[in-house]
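# Coordinate inspection notes
So the chains spell out like this:
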Amino acid sequence: MVSIKDRYAIVGVGESERSKNSGTTPLHMALDAARAALNDAGLEAKDIDGFMSYSEHDSCSSHQLATYLGVRPKYVKDIMGGGSSTEMLIADAVGLIETGQVNTVLIYRSMNGRSGVRMGGGGWDVNMLQNAFEGGSFIIPYGAGSPSQWFGLFATRHMHETGLTQEHLGHVCTSFYEHAQRNPKAYFYGKPLTMEEYKKTPYLSFPFNKHDFCMESDEANAIIVTSAERAKNGKSKPVYIMGISARQCVSHAHYWNNLDEVAADYVAPEVYKMAGVGPEDIHVASIYDCYSWVVLRQLEAYGFAPRGEVGNFVAEGNLRMGGKLPSNTAGGMLSEGYTHGMNNVLEIVRQVRHEYKGTDRQVENCEIGICTGWAGPDIAGAMILRN
Amino acid sequence: MDNQKPIPVKTQDNSPYWDGADRHELILQKCNSCQEYSHPPGPSCAKCGGTELSWESQGSEISGKVYSYIISYRPFLPGFQDDLPLIIAIVEIDKLPNVRLIGNVLQCSTDDIRIGLPVKMIWKELTEERSLPQWIQV
C-alpha cells in the first residue's frame, strides 16, 4: 500500500453562522460555509473540482452547492452518514486526488439540526421510524426512539463494568463547557457549568442529564483538502494528514446488544500505525461527543488511559487547557454546536495551525492533533494531523 | 390496550418473530451455517452472512437478567407520556446468554432496577390481534 502520510493537507476551513433557528435553508448555509473555507484557503470556487457531503436527508446536494458557487466540478458525491463521515470523506478525497481524478476537494455538512430535522427525535412518524432504522420494529415499540437511549444502554453497562461514575461524565461536560467560555461563537459561551450544578441537574434519560447531550444547532461547516504539493503554494498554513482510518463493526446500527467491542477499538491501532505516532505523541484532541460518555469510551479505545483508569484521567483535569490532552477546545458538540462532528474537525485544524496564538485558547506547543469520529459502536473514523 | 403506542411493523424478515409474540411465544431466528441466533432477525445471518435460516421456538417461559438499562424521564416517542419514568433494558436470556433482547421492565421502581436483576417475559396486548413481549421482575 502506498503511504499517504504527510502527502495531503487540509488547506481551508469555514463555517456559516450558528443558531437555534437559522431561518434559512441548508443550501444557503452550505454556501456561506464553502465561501468561508475558500476565503480561508485563498482559493476560488473554480479551483475546487470535487464536492462531497454527508447527511441524513436533511441537507442540500453537492450538485446544488457547486451550481450556486457558479462552477461545474468533475466530481460530486453525497453520502448518508453522521459521525465519522468527515474522516471517511477526507479519505475518499485523498484517494481521488491520489488517482489523479481531481486536485482539490471541498467537503461539507449543512443542517438545520435544531429548527429542522433533529437527530434527537421528535415529530417523527413511528411506523416510518420502524422501517427507517435497521431493526427498528424491535426498539420503537419500546419507546426507544432517541439516540440518547441507545447510547445510554451502552453507557450504563460500560460504567458498571469499569467503575465510571456520573461525576466522571460531569468532568467531560464541565471541561468542554470551560473551553466554550473562550469561544464567543460557542452556544454556551457565557454559560459556564460547575460540577455542583451538573450534579443537581435532573436526569433526562438516566444515566444522562441535559448537559450530557450535544447542543443541536443549525449550521454548516466546510473543509478543503488537496495534495501537499499544491498546499505549499497556497495562502493558508497547511495542516498535514499523517494518518486516517475507518471501520465498520457490530451487526446492527441501532439495536446494540454486544457491548464488548466498538468500532473505535479497531480504528485506533490502524490510525496510529499509519501516522507513525502513539497516543503519547498527541498534543490536542477533538473527540466525538454526541454524548459525554462517548468521550470516555473513546479515551479508552484510543489508548489515552487504560480501561478502568479513564475516570481518574478526566477527574485530574486532563481534558482541560494545561492537561495532558486538551480536548474539544472550542467547546465540542456538548457546548459549541453540532454538525455531526465536523465542527470538532475545524477546531483541531485551527489548533494545529496555531491560529489562536497569543490567546488563552491556544493549546501550547501543539504540533500533532487527533480527531475521532463515532457514529456509534458500529462506525468509527479517525484522523491524525500535524502542523 | 393502548392504541397510541407504536405497534411492531411486520416485514418479510421479522414476521415469524412477531407472529410468535402474538401467540405469546418467543421465536428466534437461527443460522443453520454458524448455528448462532440472529436477533433482531434479518434477510440473512448478521454474524456469518449465511442464507440458510430457521426459526426456533423458545416457548413461553422465558427468564433472563438485566444486562443494561436506561430510565427515560421524557417521552421521546408518542404514546409513552403516561409511562414515565420508562425503563428500557437489554435482557440476557438465561438459557441463551448470547441472545440479548431490548424491552421495557414494567412495574419496576427506579430504585429497584439494576444490572443483574432477574426478570421474566410477559406479553402486553396492544390490540386484539397484537402483543408485545415485555419484562417484569421475578
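Definitions and cut-offs
Residues numbered from 1 in each chain as written. Chains lettered and ligands numbered in written order. Predicted model: local features only at pLDDT ≥ 70, side-chain atom pairs only at ≥ 80, totals over all residues. Heavy atoms only, no water. Helix = DSSP H or I, 4+ residues; strand = E, 2+ residues; numbered from the N terminus. Rg over C-alpha atoms; globule rule 2.2 N^0.38 Å. Buried < 20%, exposed > 50% of the residue type's maximum accessible area, 1.4 Å probe, protein only. Areas by Shrake-Rupley, 256 points an atom, 1.4 Å probe, with all protein chains shown as cover. Lys, Arg positive; Asp, Glu negative; His and termini not counted. Charge placed at Lys NZ, Arg CZ, Asp CG, Glu CD. Axes fitted to C-alpha atoms, helices over the stretch in contact; angles between N-to-C directions. Parallel < 35°, antiparallel > 145°, perpendicular 65-115°, else oblique. Left-handed = near helix turned anticlockwise from the far one by under 90°. Contact = heavy atoms within 4.5 Å. Buried area = accessible area lost by both parts, 1.4 Å probe. Salt bridge = Lys/Arg side-chain N within 4 Å of Asp/Glu carboxyl O. Polar contact = N/O pair within 3.5 Å; in protein donor to acceptor, adjacent residues only side chain to side chain. Core = buried A, V, L, I, M, F, W, Y, C linked by side-chain atoms within 4.5 Å. Pairing = 2+ DSSP bridges. Nonpolar A, V, L, I, M, F, W, Y, C, P; charged D, E, K, R; others polar. Disulfide = S-S within 2.5 Å.

## What to know about the overall build of chain B
Within chain B, the secondary structure is distributed over one helix and seven strands. Each helix and strand of chain B, ordered N terminal to C terminal, gives the series α-β-β-β-β-β-β-β. Here the C-alpha atoms of chain B give a radius of gyration of 15 Å, agreeing with the 14 Å that 2.2 N^0.38 yields for 138 residues. The burial tally for chain B puts 51% of its 138 residues in the buried class.

## Focus: the overall build of chain A
The number of helices and strands found in chain A is 13 helices and 11 strands. The C-alpha radius of gyration of chain A comes to 19 Å, within 12% of the 21 Å expected for a compact globule of 387 residues. Taken over the C-alpha atoms alone, chain A extends approximately 50 × 50 × 45 Å along its principal axes. When each of the 387 residues of chain A is scored for burial, the buried share is 64%. Taken as a whole, chain A presents about 13,900 Å² of accessible surface, with 48% of it coming from carbon and sulfur. Both charge centroids of chain A, one from 34 positive and one from 43 negative side chains, sit 4 Å from each other.

## Thoughts on the packing of helix H5 (residues 147–162) of chain A against helix H10 (residues 292–301) of chain A
All names here are of chain A. Running from N to C, H5 and H10 cross one another at 50°; their axes reach a closest spacing of 10 Å. The angle between H5 and H10 places the two elements in the oblique class. The handedness of the crossing between H5 and H10 comes out as left-handed. On H10, the residues that touch Phe 151, Phe 154, Ala 155, His 158, Met 159 and Thr 162 of H5 are Trp 293, Val 294, Arg 297 and Glu 300.

## Notes on the interface of chain A and chain B
A common measure of how large an interface is: the accessible area buried when the components associate. The interface is formed by 39 residues belonging to chain A together with 37 residues belonging to chain B. Of the roughly 3,300 Å² buried at the junction of chain A and chain B (both faces included), carbon and sulfur atoms supply 65%. A per-residue breakdown of the area chain A buries against chain B is headed by A:Phe138, A:Tyr142 and A:Leu153, which together make up 24% of the total. Along the contact surface separating chain A from chain B lie zero salt bridges. Taken together, the links from chain A to chain B amount to 17 residue pairs in polar contact (both at pLDDT 80 or more).

## Things to note about the nonpolar core
Among the nonpolar cores identified, the biggest contains 112 residues, and A:Leu299, A:Tyr302, A:Ile384 and B:Leu101 are the most heavily contacted of them. Residues contacting B:Leu101, with those up to four places away along its chain left out, are A:Tyr255, B:Tyr17, B:Leu26, B:Leu28, B:His39, B:Ala89, B:Ile90, B:Val91, B:Ile93, B:Met121 and B:Trp135. Residues A:Tyr8, A:Ala93, A:Ile241 and A:Leu346 belong to the second largest nonpolar core, which totals 32 residues.

## Section: the sheet that holds strand S2 (residues 50–55) of chain A
Residue and element names in this part refer to chain A. A sheet is described by the order of its strands in space; here nine strands give the open sequence S3-S2-S4-S7-S1-S8-S11-S10-S9, paired in mixed fashion. Looking at the sheet topology across the chains shown, the edges are occupied by strand S3 (75–80) and strand S9 (284–287). Ignoring strand direction, the axes of neighbouring strands in this sheet form an average angle of 25°. Where strand S1 (residues 8–15) lies against strand S8 (residues 239–248), two bridges are found, and the strand directions are antiparallel. Paired with Ile 10 across the bridge in S8 is Val 239. Sheet strands touched by helix H1 (residues 26–41): S1, strand S4 (104–112) and strand S7 (218–227). Its angle to S1, the strand with the most contacts, is close to 130°.

## What to know about the pattern of salt bridges
All names here are of chain A. What the rule picks out here adds up to 29 salt bridges over all chains. Two residues, Glu 98 and Arg 7, come together in a salt bridge whose shortest N-O distance is 2.9 Å. With Glu 98 in helix H3 (residues 85–98) and Arg 7 in the segment before S1, the pair connects residues that are 91 residues apart, well separated along the chain. Residue Glu 98 is classed as partly exposed on the basis of its relative accessible area, which comes to 32%. The exposure class assigned to Arg 7 is partly exposed, which follows from its relative accessible area of 33%. Residue Glu 355 pairs with Arg 350 through a salt bridge whose shortest N-O separation is 3.7 Å. Judged by its relative accessible area of 12%, Arg 350 falls in the buried class. Within this structure, Arg 157, Glu 161, Asp 265, Arg 297, Glu 300 and Arg 307 form a network of salt bridges that share partners.

## Concerning the packing of helix H6 (residues 166–180) of chain A against H10(A)
Residues and elements named next belong to chain A. At a minimum axis separation of 8 Å, H6 and H10 run at an interaxial angle of 105°. Between H6 and H10, the angle is such that the two are roughly perpendicular. Here H6 contributes His 168, Leu 169, Val 172, Cys 173 and Phe 176 to the contact with H10, which in turn contributes Ser 292, Trp 293, Val 295 and Leu 296. Of the residues assigned to the contact of H6 with H10, the class counts are seven nonpolar, two polar and no charged.

## Section: unusual backbone geometry
All names here are of chain A. Put simply, Phe 206 and Pro 207 share a cis peptide bond, and its omega is 10°. Looking at the element boundaries, Pro 207 is found in the loop between strand S5 (203–206) and strand S6 (208–209). One non-glycine residue, Asp 6, lies in positive phi territory at about 65°. Position of Asp 6 among the secondary structure elements: in the segment before S1. With a phi angle near 80°, Ser 84 is a residue other than glycine that sits in the positive phi range. Here Ser 84 lies in the loop between S3 and H3.

## With respect to the side chain of A:Ser327
Residue and element names in this part refer to chain A. Position of Ser 327 among the secondary structure elements: in the loop between helix H11 (310–315) and helix H12 (332–335). Ser 327 gets classed as buried once you look at its relative accessible area, which sits at 0%. A polar atom in the side chain of Ser 327 sits 2.8 Å from the backbone oxygen of Leu 325. With near-sequence residues (within four places) excluded, Ser 327 lies in contact with Phe 176, His 179, Ala 285, Ile 287 and Leu 319.

## What to know about the environment of A:Ala93
Residues and elements named next belong to chain A. Summarising the element assignment, Ala 93 is placed in helix H3. Measuring from C-alpha to C-alpha, the distance between Ala 93 and Tyr 142 comes to 41 Å, with 49 residues separating the pair along the chain. Every residue in contact with Ala 93, bar those within four places of it in the chain, is listed here: Met 52, Val 105, Ile 107 and Val 225.

## Digging into the environment of B:Gln58
Structurally, B:Gln58 can be placed in the loop between strand S2 (53–57) and strand S3 (63–72). Among the polar contacts listed, one links the side chain of B:Gln58 to the side chain of B:Glu56, at a separation of 3.1 Å.

## Looking at the state of the cysteines
Per the counting criterion, the structure on display carries zero disulfides over all chains. A disulfide-free cysteine, A:Cys366 has its sulfur positioned 13 Å from the sulfur of A:Cys371, the nearest such atom. In this model B:Cys48 remains outside any disulfide bridge; the closest cysteine sulfur is found in B:Cys31, 3.7 Å from its own.

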